[in-house]
Amino acid sequence: MFILMLMTAGAACAAAEAPRLMLWAWERPEDLRFVNPRTTGVAYLAKTLYLKEGRVIARPRLQPLRIPPNTYVTAVFRIESDASAHNTVQSAAAAAAILALAEKKEVAALQLDFDAAVSERPFYAALISEVRRKSPPQKPLSVTALASWCLGDRWMSDLPVAEAVPMLFRMGPDGPQILRNLARGADFSETLCRGSMGISTDEPAAPMLPGRRVYAFHPKPWTADAVRRLITALESRNSP
Amino acid sequence: MKKVILFLLLAMIPFAAPVNLDACGPFFPVAIFAYSMHPDFPLASFAAGNLGILQPTYARSYLYVAYRHMAGTGFDEVEQSDLTRLWEERLNLMPVDSTEPVQEWLDARSAVPGIPEPESIDSYKLMDYVSFPNCTIDAFASAAATLKDRIQKFGAANPDVREWILAQDQVFANCAGEEPSIPEAAAATVPAVLRADRQYQIAAAYFYSGNYPEARKRFQEISADAASPWKGIAPYLAVRTLVREGTVGAGIEEPPNTEVLRQAEQLLQKMPDDPAAQRLLAYVRVRIDPAARAHELVPALLKSESETLYQDLWDYTVSLDKLSANAPQPDELTEWLFTFQSDSPESFDASLSKWKKGAALPWLVSAISKAPASSPAAADLIAAAEKIPGESPAYFTLAYHTVRLFMGSGNNDAARRKLDALLSHSKADLPATARNRFLAQRMALALNLDELLQYAQRTPATVGIDWGLEMTEEAQNYPVPPAAILVDNDGAAVLNTLLPLDILEKAARSNVLDAALRKRLMKAVWVRAVMLNRMDVAVRMVADMQPLLPDAAPLWKAVLSESDPQAARFAAVFLMLNNPGLEPIMRSGLERETPAGEMDIYRDNWWCAIEWTPDVQAPFLDAAARDTATAESASIKDAGPGPNFLAAQVIQWAGAHLDDPRVPEALHLSVRATRYGCTDNATTRYSKEAFQLLHKNFPRSEWAKKTPYYY
């Protein structure tokens, strides 16, 4: 059923629409040439931006990544913070580092990954707005989201992003309860969080919520077998 | 009925858990009691031979140092400095700020007035999705130094100097640029040295643009130009073009082109007196033949007073990463490293065999660290370990496993005697991690409550936010050790699962415990007493609890004022609803950051459903105490998460005491707890019941107004 959904989505989707399954490719050698571009896309860690002592240190991806042609590719920008107050110089530098890749023709979409503390939300919101304003409009901009941001916390409501991906793994002690609630039909109160979900292959995943794009993290380099097992697992969750 | 909006609740990471950089934050400070990836800080102490208790999970660069100390060849000061420099570089989780060397160049060019600002310089070049450091630190430093010299010779206002800068800007545009930017040759009227500089700049531009054959041709021409100030370095740079071509020429994803790298190797071997060329040769050899390179480095690594230790160790460990751990190793050092790190049964047999043949200390360490207590060789290994003097760098490692084997064979008295002697070492002699490992062993052998409490207390090796690799910024600021005295997982597990309430109360009052820990335990025991409906204990403990939560004075008074135990219990529950930091367990590591009377914004409030996974013992307890503890633990667990227990108590009390003026507020607080605390499948039922009771019986109260939903 999941495969059918993937393939249907793949066959019908326009060039700008991400497939229903996106593989997160993090900072390690990844050979994803086995991926079927019609059904599966790749969200790769493109840069890590360290907000440290009032400046930004941008570390590009240094590990090999191989992807088949015509794959839908999302460039992910991970932001790490020293939790000090951030300034406009950092905002401009971070935006510039992100926008430097936004024009790449191979990149179809952008994603920001930042576990912003409450005090950092204004900075993050401003950064998101600047990136959205200056990046190609046909390239969607998304963010990852802590599950708590999607549950009763409304701070993301006005962000100019296409989707917020709730991270349904490494959630702490109440994670199993959240997954149980989702399995019973509960949903996130934040609408931005209702289009996708983030899972890890080494943790129990949420059920396949209808129409959700799945972003999957694998703790080791991806293999064809790992992707097959993932799809099988997602299919079984989608079964009645 | 009002529309109910169902919220899903999340308690963020409440307990001292290690942080995974691959996971999403937020990140909280943690206490690390024993490192598994690397030795204690400062690493200089390890380099000097204070090895603590060696772990097979340490990186190989540390284990190499341990091997050399155990083999009797220590390190002089220069070598120790090289070692700490290597580790600091490898452990630096924040990347080198690549803009700093660029700034040196920008500062130098700003000495020429009126020169236009260059495009921003990024030293990394992107190939498809991956980058590599294209323009190195030396490139910018060399450009800055050369420009300063040319300004001094010709003056900042000289138009040829201006052209020099513009040409260099073009060179650096190739660092990240996708399209080549090659300067024009200088006019014949330009001074000779600047014309020669231009030739060099053009060659460099081709190099950074990735046209390695053209760059090589031009560097070779420069090397043949007797008048060029760059003729000395040009041959080396020509070889560098081969190395680049062999590594990234076909793309970062492609394997190295060993044929091209072997050409580079042959040329570099003809430059034995050029340090830069020799470093490049080592770089090439690691990539062409890591196994051979690792083996050929071993003699230098085992030689004392080495001047190349930093690079040799770096290359050696990088080469080892490319080798199979299962393949036979051609030298003793490499064999020992892979064997010590292995957890296979064969690695024990191999270690034992090597030790029996030569009685070498590294192999004794490897063998005893892997020996099961049931092994027939255990007694011989222990006897050999006991002969090693206290000054030996292997002493603590051998002692730890000797104790482990004593314990495994039931020889607890011998284990205790040895541990008591070990723990008498000063903190300077015994690294924190080693001390904590010995304390864990000693705690498992506790003869009574006082010993349990004494050995449960640990000083962590570090406290702070772990950015990965068991690193905190605080650890890097050694020698200021953390002052906290805390309990680790084993101590918390014993306190939370194995001790009955009556013994816990004694523990909470024991002067054996550090004062801060005593306070933490006091709070946990008080909550347990309330949950277990042991109001005799809970009321008795109020006098000790009051100073810990002074802002709750009126609520404490309410508890004490009730003669009926169930009324006192409700008063206690009401107090707990107002103090979200209260919980029935002792946490390992750090306590909750937010004060007990305040709601935590990451939902670390009250407690979550408790999953006991005890793997600890308290042999001094009698059967009756163990049975009582088991029953009590089960009762605590069955109560579920904090909000469930609290709401259930309030609902029960409210049912029979609607005239209690605290009831409306208590019902409101119960519903609030189900929103901001942990939940399970039953929580919504409690939330709804409390909500309905409130709105049915107190519809116009301020508390009903403050409670528009249940969760």
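Residues numbered from 1 in each chain as written. Chains lettered and ligands numbered in written order. Predicted model: local features only at pLDDT ≥ 70, side-chain atom pairs only at ≥ 80, totals over all residues. Heavy atoms only, no water.

### Describing the overall build of chain B
Item 1. Regarding its fold elements, chain B presents 33 helices and 6 strands.
Item 2. The C-alpha radius of gyration of chain B comes to 34 Å, more than 25% above the 27 Å expected for a compact globule of 711 residues.
Item 3. Dimensions of chain B, computed from the C-alpha atoms along their principal axes, are close to 105 × 75 × 40 Å.
Item 4. Relative to its 711 residues, chain B shows a buried fraction of 54%.
Item 5. Long-range pairs, those at least 24 residues apart, make up 65% of the contacts in chain B between residues at least 6 apart in sequence.
Item 6. A total accessible area of about 31100 Å² is found for chain B, and carbon and sulfur atoms account for 52% of it.
Item 7. Mean positive and mean negative side-chain charge positions of chain B (67 and 88 charges, respectively) differ by 4 Å. (Helix = DSSP H or I, 4+ residues; strand = E, 2+ residues; numbered from the N terminus. Rg over C-alpha atoms; globule rule 2.2 N^0.38 Å. Buried < 20%, exposed > 50% of the residue type's maximum accessible area, 1.4 Å probe, protein only. Contact = heavy atoms within 4.5 Å. Areas by Shrake-Rupley, 256 points an atom, 1.4 Å probe, with all protein chains shown as cover. Lys, Arg positive; Asp, Glu negative; His and termini not counted. Charge placed at Lys NZ, Arg CZ, Asp CG, Glu CD.)

### What to know about the pairing of strand S3 (residues 130-133) of chain B
It is a general feature of regular strands that their side chains alternate between the two faces of the sheet.
Item 1. Two elements, strand S2 (residues 124-127) of chain B and S3 of chain B, share 4 bridges in a ladder whose sense is antiparallel. Bridge assignment links Tyr 124 of chain B to a residue of S3 of chain B, and that residue is Pro 133 of chain B. (Pairing = 2+ DSSP bridges.)

### Considering the state of the cysteines
Item 1. Under the criterion given, the structure shown has 3 disulfides over all chains.
Item 2. Two residues, Cys 150 of chain A and Cys 193 of chain A, share a disulfide whose sulfurs are 2.1 Å apart. Measuring the twist about the S-S bond at about -75°, one finds the Cys 150 of chain A-Cys 193 of chain A disulfide to be left-handed. Of this pair, Cys 150 of chain A sits in helix H4 (residues 147-150) while Cys 193 of chain A sits in the loop between helix H5 (175-183) and strand S10 (196-200); the two residues are 43 residues apart in sequence, bridging distant segments of the chain. The two residues Cys 150 of chain A and Cys 193 of chain A agree in class, both being buried.
Item 3. The residue that forms a disulfide with Cys 608 of chain B is Cys 678 of chain B, at a sulfur-sulfur distance of 1.8 Å. Placement of the pair is Cys 608 of chain B in the loop between helix H28 (565-577) and helix H29 (623-638) and Cys 678 of chain B in the loop between helix H31 (663-676) and helix H32 (683-697), with a sequence separation of 70 residues. (Disulfide = S-S within 2.5 Å.)

### Some remarks on the confidence of the model for chain A
Item 1. In this model, chain A carries a mean pLDDT of 86, and residues with pLDDT of at least 70 account for 87%.
Item 2. Scored below 50 in pLDDT, residues 3-15 of chain A makes 14 contacts in the model with residues more than four places away or belonging to other chains. (pLDDT = per-residue confidence, 0-100.)

### Considering helix H6 (residues 159-176) of chain B
Residue and element names in this part refer to chain B.
Item 1. For H6, which comprises 18 residues, the first-to-last C-alpha distance of 27 Å matches the rise-based estimate of 26 Å (1.5 Å per residue) to within 8%.
Item 2. Restricting attention to buried positions, one finds in H6 the residues Val 161, Trp 164, Ile 165, Ala 167, Gln 168, Asp 169, Val 171, Phe 172, Asn 174 and Cys 175.
Item 3. Considering only its buried residues, H6 is in contact with helix H4 (99-109), S2, helix H5 (137-154) and helix H7 (192-209).
Item 4. Residue Asn 158 occupies the N-cap position of H6, its side-chain oxygen lying 2.7 Å from the main-chain nitrogen of Asp 160. (Expected span 1.5 Å × (residues − 1). Polar contact = N/O pair within 3.5 Å; in protein donor to acceptor, adjacent residues only side chain to side chain.)

### Quick look at unusual backbone geometry
Residues and elements named next belong to chain B.
Item 1. At the junction of Phe 41 and Pro 42, the peptide bond is cis and its omega measures out at 0° in the coordinates.
Item 2. Note that Pro 42 resides in the loop between strand S1 (29-32) and helix H1 (43-47).
Item 3. With phi around 55°, Ala 359 is a residue other than glycine that occupies positive phi space.
Item 4. Relative to the helices and strands, Ala 359 is located in the loop between helix H15 (345-358) and helix H16 (361-370).
Item 5. If you check the backbone angles, Asn 533 has positive phi at about 60° while not being a glycine.
Item 6. Tracing the chain through its elements places Asn 533 in the loop between helix H25 (515-531) and helix H26 (535-545).
Item 7. Relative accessible area serves as the criterion here: at 34%, Asn 533 is assigned to the partly exposed category.

### With respect to helix H9 (residues 234-247) of chain B
All names here are of chain B.
Item 1. Helix length check: H9 (14 residues) gives 20 Å between terminal C-alpha atoms against 20 Å at 1.5 Å per residue, within 8%.
Item 2. Most of H9 sits out of view: 12 of its 14 residues are buried.
Item 3. When H9 is considered as a whole, its buried residues turn out to be Ala 234, Tyr 236, Leu 237, Ala 238, Val 239, Arg 240, Thr 241, Leu 242, Val 243, Arg 244, Gly 246 and Thr 247.
Item 4. The elements touched by buried residues of H9 are S3, H7, helix H8 (212-223), helix H10 (258-268) and helix H11 (275-288).

### Some points on the packing of aromatic side chains
Item 1. The final tally for this structure, using the stated rule, is 32 aromatic pairs over all chains.
Item 2. Here the aromatic rings of Tyr 67 of chain B and Trp 336 of chain B are separated by 5.5 Å at their centres, their planes lie at 50°, and the arrangement is tilted. With Tyr 67 of chain B in helix H2 (residues 60-70) and Trp 336 of chain B in helix H14 (residues 332-341), the pair connects residues that are 269 residues apart, well separated along the chain. Taken individually, Tyr 67 of chain B and Trp 336 of chain B each receive the classification buried, so the pair is uniform in this respect.
Item 3. Among the aromatic residues, those joined into a cluster by ring pairs are Trp 24, Phe 169, Tyr 215 and Phe 217 of chain A.
Item 4. If you follow Arg 85 of chain B out to its NZ or CZ, it ends over the ring of Tyr 310 of chain B, 3.8 Å from the centre.
Item 5. Taking the ring centre of Tyr 283 of chain B as reference, the NZ or CZ of Arg 287 of chain B above it sits at 3.6 Å. (Phe/Tyr/Trp six-rings, centres within 6.5 Å; stacked < 30°, edge-to-face > 60°. Lys NZ or Arg CZ within 6 Å of the ring centre and 35° of its normal.)

### Quick word on the pattern of salt bridges
Oppositely charged side chains can form a pair if their charged atoms are brought close together.
Item 1. Counting across every chain of the model gives 48 salt bridges over all chains.
Item 2. Two residues, Arg 78 of chain A and Asp 113 of chain A, come together in a salt bridge whose shortest N-O distance is 3.1 Å. Of this pair, Arg 78 of chain A sits in strand S6 (residues 73-81) while Asp 113 of chain A sits in strand S7 (residues 109-113), and the two are 35 residues apart along the sequence.
Item 3. Arg 78 of chain A sits in the buried class, given a relative accessible area of 4%.
Item 4. Linking Glu 245 of chain B and Arg 216 of chain B is a salt bridge whose minimum nitrogen-to-oxygen distance equals 3.0 Å. You can see Glu 245 of chain B sitting in helix H9 and its partner Arg 216 of chain B sitting in helix H8, a full 29 residues away along the chain.
Item 5. Among the residues examined, Glu 245 of chain B registers a relative accessible area of 25% and is labelled partly exposed.
Item 6. A relative accessible area of 15% places Arg 216 of chain B in the buried class.
Item 7. Sharing partners across several salt bridges, the network here consists of Arg 262, Glu 265, Arg 285, Arg 293 and Glu 296 of chain B. (Salt bridge = Lys/Arg side-chain N within 4 Å of Asp/Glu carboxyl O.)

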